[in-house]
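This is what each chain is made of:
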Amino acid sequence: MKKAAFCTLGCKVNQYETEAITELFASSGYETVPFDEKADVYVINTCSVTNIGDRKSRQMIRRARKHNSGAVVIVTGCYAQTAAEEVLAIDGVNLVLGTKGRTEIVKLAEGLDSSSKLNLVGDIMHNHDFEELRITKYEDRTRAFIKIQEGCSQFCSYCIIPYARGPIRSRPEDEVLAEMRELAENGFAEIILTGIHVASYGLDLKNTSLEQLLVKADKTDGIRRLRLSSIEPMTLNSSFIEKIKASKKLCPHFHISLQSGCTETLKRMNRKYTAEQYMEIARGLREAFPDCALTTDIMVGFPGETDEEFEKTLEFVRAVEFAGAHVFQYSRRRGTPAAEMPGQIPPEIKERRSKIIIAETEKSRDKFLGAHIGRTMEVLFEQRVRGGLFEGKTANYITVHAPSDENLSGKFRNVKLLEAKNGVIIGKIID
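Residues numbered from 1 in each chain as written. Predicted model: local features only at pLDDT ≥ 70, side-chain atom pairs only at ≥ 80, totals over all residues. Heavy atoms only, no water.

Per an unreviewed UniProt entry, the protein chain carries the name Threonylcarbamoyladenosine tRNA methylthiotransferase MtaB and comes from Candidatus Ornithomonoglobus intestinigallinarum. Under the UniProt heading Sequence similarities (unreviewed entry), the note attached to the protein chain is "Belongs to the methylthiotransferase family. MtaB subfamily." Recorded in UniProt for the protein chain, the comment headed Cofactor (unreviewed entry) runs: "[4Fe-4S] cluster". (UniProt positions renumbered as here; feature names shortened; annotations may be inferred.)

Written out as structure tokens, the structure reads:
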């Protein structure tokens, strides 16, 4: 039996796609082995959101060749799509595939050897077909992802992803619901709907929308929780909130990308909202979902970000009081408008600003967790973390650790929340 190994870098979409590609190899008779073991085929699904993503992608490519000099090495994903010739030039790469054509990956792999050099990356910008990469089972998982959408047409001035993923393409509604039912039959009680730009789901299909999909998904038997991955603010207008607030299954956790709390900075970023509009959306969600967690992404050091603009973001973050945030420093991406903007911020200033925002978001996270101490909440447990502790999530995405002699993986339990520590709540199982 031939062996295949896989490495995923980057976002939840990449994770989903790697799972689907793994299943394609398994259905063709390949044994899946860990990436640091000897395999006949290595597949590296790359990320290109930041320069760090590019660098990690190159490191994993070189590591694969060290594991087996006679293996076939295939590179796919965003870095492969946007820098195909650069990737192919890396010693040991046999095939560069990009972000389409993955359904044929096994067939392509079997036509290669360790001396092959093939670049099959094509023009993604005129691709209007959703590539059907489907997952029917997950190994050792309690939550399942469903990719509902591909591509992005927002063209934020700092972002390479529209050039890596192409225009928006939505998966037909009936196919999404069919996969959801199949996953429910396989025992998954929580489903996360993901995509490159989830907010644009249905815009290209004309006969559905994200809110319509959520209303129908809410009626799917066997599913107890539905989650949305990162979503753009302007999707969550009053009309959208009104349609989804009666959902019995949608989790009260919304990851709404902010990037900056300063309207002037947002304009240079080519974001499609103001700080004031974002604040109004946050208020609307908290009114409709009183216990909801709002989490976000915040970028510091965007070109031209003055001390005054940074202070506006800091004050905005304090006002919103996020339950969690991914804070990152602007990374210059070749081929994007922001890369050519004046006022590039020195690394030491970006580092300082990053630490300030992280400290502030940790304060608001701790305040959010503290407000839940003493409550009893339902937790879906996922895995044992250390000793006798199991880790799980509440519906509003609080990470909970609780002691148990029982294997709680994939099980719901009511837990009394006792103490918050380092972003986690320690609890006691009630029943």
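Next comes the rest of the description.
(A) Main features of the overall build of the protein chain. A tally of helices and strands in the protein chain yields 13 helices and 18 strands. Radius of gyration (C-alpha) of the protein chain: 22 Å, near the 22 Å computed for a compact globule of 431 residues. With the C-alpha coordinates of the protein chain rotated into their principal frame, the extents come out at 60 × 55 × 45 Å. A burial count over the protein chain gives 55% of its 431 residues as buried. In the structure as shown, the protein chain presents an accessible area of about 18900 Å², 50% of it carried by carbon and sulfur atoms. Averaging the coordinates of the 61 positive side-chain charges in the protein chain and doing the same for the 60 negative ones gives two points 2 Å apart. (Helix = DSSP H or I, 4+ residues; strand = E, 2+ residues; numbered from the N terminus. Rg over C-alpha atoms; globule rule 2.2 N^0.38 Å. Buried < 20%, exposed > 50% of the residue type's maximum accessible area, 1.4 Å probe, protein only. Areas by Shrake-Rupley, 256 points an atom, 1.4 Å probe, with all protein chains shown as cover. Lys, Arg positive; Asp, Glu negative; His and termini not counted. Charge placed at Lys NZ, Arg CZ, Asp CG, Glu CD.)

(B) The arrangement of the pattern of salt bridges in detail. One pass over the structure, following the stated rule, counts 34 salt bridges. Note that Arg353 and Glu305 form a salt bridge whose closest N and O atoms lie 2.8 Å from each other. Here Glu305 lies in the loop between strand E12 (293-300) and helix H12 (307-320) and Arg353 lies in helix H13 (residues 347-370), a separation of 48 residues in the sequence. The buried category is assigned to Arg353, whose relative accessible area is 2%. Note that Glu315 is salt-bridged to Arg318, the shortest N-O span being 2.6 Å. (Salt bridge = Lys/Arg side-chain N within 4 Å of Asp/Glu carboxyl O.)

(C) Spatial organisation of helix H7 (residues 173-185). With 13 residues, H7 should cover 18 Å at 1.5 Å per step; its first-to-last C-alpha distance of 19 Å lies within 8% of that length. Listed in full, the buried residues belonging to H7 are Glu173, Val176, Leu177, Glu179, Met180, Leu183 and Ala184. Along H7, the residues classed as buried sweep out an arc of 160° about the axis, all on the same side. Exposed residues pointing more than 90 degrees away from the buried face of H7 are listed as Asp174 and Glu185. Backbone geometry just downstream of H7 places Gly187 in the positive-phi region, at approximately 100°. (Expected span 1.5 Å × (residues − 1). Arc of directions from axis to C-beta.)

(D) Expanded view of the UniProt feature "domain: MTTase N-terminal" (unreviewed entry) in the protein chain. According to UniProt, the feature "domain: MTTase N-terminal" (unreviewed entry) maps to residues 2-114 in the numbering used here. Here residues 2-114 is 42% helix and 22% strand, with 15 Å between the C-alpha atoms at its ends.

(E) Region of the structure containing the side chain of Glu309. If you trace the backbone, Glu309 turns up in helix H12. Setting aside chain neighbours within four positions, we find Glu309 in contact with Cys262, Glu264, Thr265, Arg268 and Gly304. (Contact = heavy atoms within 4.5 Å.)

(F) Expanded view of the nonpolar core. Counting residues in each nonpolar core, the largest one holds 60 residues, and the members touching the most others are Ile148, Met180, Ile191, Leu193, Leu210, Phe254 and Leu285. Ranked by residues supplied to this core, first place goes to helix H11 (residues 275-288) with six residues. What Met180 contacts, discounting residues up to four positions off in sequence, is Ile146, Ile191, Leu193, Ala217, Thr220, Ile223 and Leu226. Phe35, Ala39, Ala64 and Tyr79 belong to the second-largest nonpolar core, a separate cluster that totals 24 residues. (Core = buried A, V, L, I, M, F, W, Y, C linked by side-chain atoms within 4.5 Å.)

(G) How the structure looks around the sheet that holds strand E8 (residues 169-170). One open sheet holds the four strands; their spatial order is E8-E7-E9-E10, and the pairing between them is mixed. Every interior strand has two partners, whereas the edge strands, E8 and strand E10 (225-228), have only one. Pairing analysis gives two bridges linking strand E7 (residues 143-150) to E8, with the strands arranged antiparallel. Looking at E8, one finds that Gln149 is bridged to Ser170. Strands in contact with H7 are E7, strand E9 (190-195) and E10; relative to E7, the strand with the most contacts, it is inclined by about 170°. (Pairing = 2+ DSSP bridges. Axes fitted to C-alpha atoms, helices over the stretch in contact; angles between N-to-C directions.)

(H) Focus on the pairing of strand E3 (residues 41-46). The buried count for E3 comes to six of six residues, which makes it a mostly enclosed element. Here E3 shows no split at all, with Val41, Val43 and Asn45 on one side and Tyr42, Ile44 and Thr46 on the other all buried. Pairing between strand E1 (residues 3-8) and E3: five bridges, direction parallel. Bridge pairing in E3 links Phe6 to Val43. Here E3 runs beside strand E4 (residues 72-77); their pairing, made up of six bridges, is parallel. Among the inter-strand pairings, Ile44 is bridged to a residue of E4, identified as Val75. Read as a crossover between parallel neighbours, the route from E3 over helix H2 (residues 51-67) to E4 is right-handed. (Right-handed = clockwise from strand over helix to strand, strands pointing away.)

(I) Region of the structure containing the packing of aromatic side chains. For the structure shown, the criterion picks out ten aromatic pairs. Consider the rings of Tyr158 and Phe302, whose centres lie 6.2 Å apart with planes at 80°: the pair is edge-to-face. With Tyr158 in the loop between E7 and helix H6 (161-165) and Phe302 in the loop between E12 and H12, the pair connects residues that are 144 residues apart, well separated along the chain. Exposure remark for Phe302: the relative accessible area of 0% places this residue in the buried category. Between Phe302 and Tyr330, the aromatic rings sit 5.5 Å apart at their centres with planes inclined by 80°, giving edge-to-face as the arrangement. Note that Phe302 is positioned in the loop between E12 and H12 and Tyr330 in the loop between strand E13 (324-329) and H13, a separation of 28 residues in sequence. Comparing Phe302 with Tyr330, the two get one shared label, buried. By the ring-pair criterion, three or more aromatic residues cluster together here, those being Tyr273, Tyr278, Phe316 and Phe322. (Phe/Tyr/Trp six-rings, centres within 6.5 Å; stacked < 30°, edge-to-face > 60°.)

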